[in-house]
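Take a look at the letters that make up each chain.
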Amino acid sequence: MDIVNINDVDSLAKVLKTEENFQMRSGLDPVMEVFGRNVSGVISCDYNEWYPDRSLLSPMFLRPKEINERISMINAVANDCVERLHQLRDQDGTINNIERELSYWSVGSNYSFLFNRRLGFYEKPPDADALVFLDAASQLMQNIGRILDMGPFYKYIPTPAYYAAKRNINTMYESNIKLSKKREAKSEEDASEKTSVADHVFEKRKSTEETLALLAGLMAAGVDTISWTSLWLLYLLSRNPDKQEKLYQELKLFDSEEEIPVNKTPSYIKAALKESQRLHPVAPFLSRVLNQDIELHGYHIPAGVSIMFQNHLMSIDERNFGEDAKQFVPERWLRDVSTGRVKGFDPLSSLPFGHGVRMCLGRRVAEAYIYTLMSKIFMKYRVELSSKQNEVNPTLKGAFNRPDREILFRFLLR
């Protein structure tokens, strides 16, 4: 693969404006190969495959109204997650393997958003099929990461990660079919139930098997990205108790059980998440492949060359964010009290969810999950790093930035 790397916003703007209606992304062939054509539409480089699924799903995933209609379910999952975290604390408030718990919460949130039903993980005892699905989804994303790290050897030799990922997908499909039968039984008991995202997709797609595969893929898609984004936010706020206190002062105006609509989300949690994603974007680079030649900095780049935007470098560049570019300062995203204006950052200087029509489909939904859970955590707890915790750095694994070690937090009741 021929690759050109860029890390300045002017070049990025030129590339993004060259083909605005539909742009191809490189590097996702292994993901499409593992999942198969049933779920590859939203990431495909083929417009005819991409457009039907994207246009079908975008209204449900990106409109605040649709998310607000499901905020009760998102809120319920977050409440159960906080309760489980409370039970997992040891004597000094430390929680071990919180990354796993955040993965379970993110899949459970996805499931509830799609089906208007709870996955069953937080039941006592947990639903057995839900546990199977959660474990398979988590292992799948780990195996896809290994495939991306290794390169396309799976095309020529039977790599363990490739076949493990295929087994994970089969397990997800089988457990999802069992879960769907349980959903159908419960739906018959509740005739007044609102139309779910899944109902909308089933109505438009004719193949039940392909639709179940698509929905299973959507449930698994945010396992690591949402959990790692939440983990980085917890880490930065725990390292900056003054920022955490500012957040708490805003949150204590709400009741811990209260449902906070998308349009009423406290401004400081929004700013803190933006700042966390700026410093530690889970997707540290983006890619585009143009079907026409382009010139950047005097270099002629032929069509078909993969152009990589180093998002992480741009988002911590002092040219874009000033001398404190590498510091955690949520206030940079807030309106100035005296002028009522936000600082004039170039919107392309930090793109944690991508840009344009190829922007992450789950952006608004993921933000709603994170706002809800983090709000509930910081309403109830003061979060500190364990005294045993060493410094944490980002490490690239499977094209994603994740913490290079387990993070031990102490959850101290307020």
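Only a predicted model underlies this, so the values are computations on that prediction, with no experimental measurement involved.

Draft legend 1. Fine view of the overall build of the chain. Along its length, the chain carries 16 helices and ten strands. The C-alpha atoms of the chain give 21 Å as radius of gyration, which agrees with the globular expectation for 414 residues (22 Å, within 12%). Judged by the C-alpha coordinates and their principal axes, the chain covers about 60 × 55 × 40 Å. In the chain, buried positions account for 53% of the 414 residues. Taking all contacts inside the chain whose residues are at least 6 apart in sequence as the whole, residues at least 24 apart take part in 75%. Roughly 19,800 Å² of accessible area belongs to the chain as shown, and the carbon and sulfur atoms make up 49% of that amount.

Draft legend 2. Molecular detail of helix 7 (residues 128-150). For helix 7, which comprises 23 residues, the first-to-last C-alpha distance of 33 Å matches the rise-based estimate of 33 Å (1.5 Å per residue) to within 8%. N-capping of helix 7 is provided by aspartate 127, with a side-chain oxygen placed 2.8 Å from the backbone N of aspartate 129. Backbone geometry just downstream of helix 7 places glycine 151 in the positive-phi region, at approximately 95°.

Draft legend 3. Local environment of the pairing of strand 9 (residues 400-403). Across four bridges, strand 8 (residues 394-397) lies against strand 9 in antiparallel orientation. Along strand 9, the bridge assignment pairs proline 394 with proline 403. Between the end of strand 8 and the start of strand 9, which pair antiparallel, lie two residues, with glycine 398 showing a positive phi angle near 60°.

Draft legend 4. How the structure looks around the pattern of salt bridges. Applying the stated criterion to the full structure yields 21 salt bridges. With its nearest N and O atoms 3.1 Å apart, the salt bridge here joins arginine 70 to glutamate 66. Glutamate 66 gets classed as buried once you look at its relative accessible area, which sits at 15%. When the shortest N-O distance is used, the salt bridge between glutamate 275 and arginine 332 registers 2.9 Å.

Draft legend 5. Structural detail: the sheet that holds strand 10 (residues 409-413). Pairing within the open sheet is antiparallel, and its three strands lie in the order 2-10-7. Both edges of this open sheet fall to strand 2 (94-95) and strand 7 (381-385), since each of them pairs with a single strand only. In the sheet, strand 7 pairs with strand 10 via five bridges, with the strands oriented antiparallel. Residue pairing in the sheet places valine 383 in a bridge with phenylalanine 411 of strand 10.

Draft legend 6. Inspection of the packing of helix 6 (residues 98-115) against helix 10 (residues 208-221) at higher detail. In contact at an axis separation of 8 Å, helix 6 and helix 10 are set at 140° when each is read in the N-to-C sense. Judged by the angle between their axes, helix 6 and helix 10 are oblique. As helix 6 runs across helix 10, the sense of the crossing is right-handed. Two secondary-structure elements touch here, helix 6 through Val107, Asn110, Tyr111, Leu114 and Phe115 and helix 10 through Leu215, Leu218 and Met219. Looking at the contact of helix 6 with helix 10, its residues break down into seven nonpolar, one polar and no charged.

What counts and what doesn't
Here, residues in each chain are numbered from 1, in the same order as that chain's written sequence. Only residues with pLDDT of 70 or above have their local features reported here, since the model is predicted, and side-chain atom pairs are shown and tallied only from 80 upward, although totals for entire chains, interfaces and linings are computed over all residues. Remark: hydrogens and water are excluded; side-chain values derive from all non-hydrogen atoms of the structure. Secondary structure is summarised from DSSP: a helix means a run of H or I of at least four residues, a strand means a run of E of at least two, and numbering begins at the N terminus for each. Here the radius of gyration uses the C-alpha set of atoms, whereas the globule reference equals 2.2 Å times the residue count to the power 0.38. We call a residue buried when its accessible area falls under 20% of the maximum for its residue type, exposed when it is over 50%, and partly exposed in between, using a 1.4 Å probe and counting protein chains only. Between two residues, a contact is recorded if the distance between any of their heavy atoms is within 4.5 Å. Residue burial considers only the protein chains on display, and all accessible areas are found by Shrake-Rupley using a 1.4 Å probe. Under the convention used throughout, the expected extent of a helix is 1.5 Å for every residue step, that is, one less than its residue count. Counted as a polar contact is a pair of N or O atoms within 3.5 Å, where, for protein atoms, one must be capable of donating a hydrogen and the other of accepting one, and residues adjacent in sequence contribute only when both atoms are in side chains. Here, a strand pair is defined by DSSP locating no fewer than two bridges between the strands. Here, a salt bridge means any Lys or Arg side-chain nitrogen found within 4 Å of an Asp or Glu carboxyl oxygen. Helix axes are fitted to C-alpha atoms over the stretch in contact, other axes to C-alpha atoms as well, and angles between N-to-C directions run from 0 to 180 degrees. Under this scheme an angle from 65 to 115 degrees is roughly perpendicular, one under 35 degrees roughly parallel, and one over 145 degrees roughly antiparallel; angles in between are oblique. When the near helix sits turned anticlockwise from the far one by under a right angle, the crossing is termed left-handed; a clockwise turn instead gives a right-handed crossing. Residue classes follow a fixed rule: Ala, Val, Leu, Ile, Met, Phe, Trp, Tyr, Cys and Pro count as nonpolar, while Asp, Glu, Lys and Arg count as charged, and any other residue, Gly among them, counts as polar.

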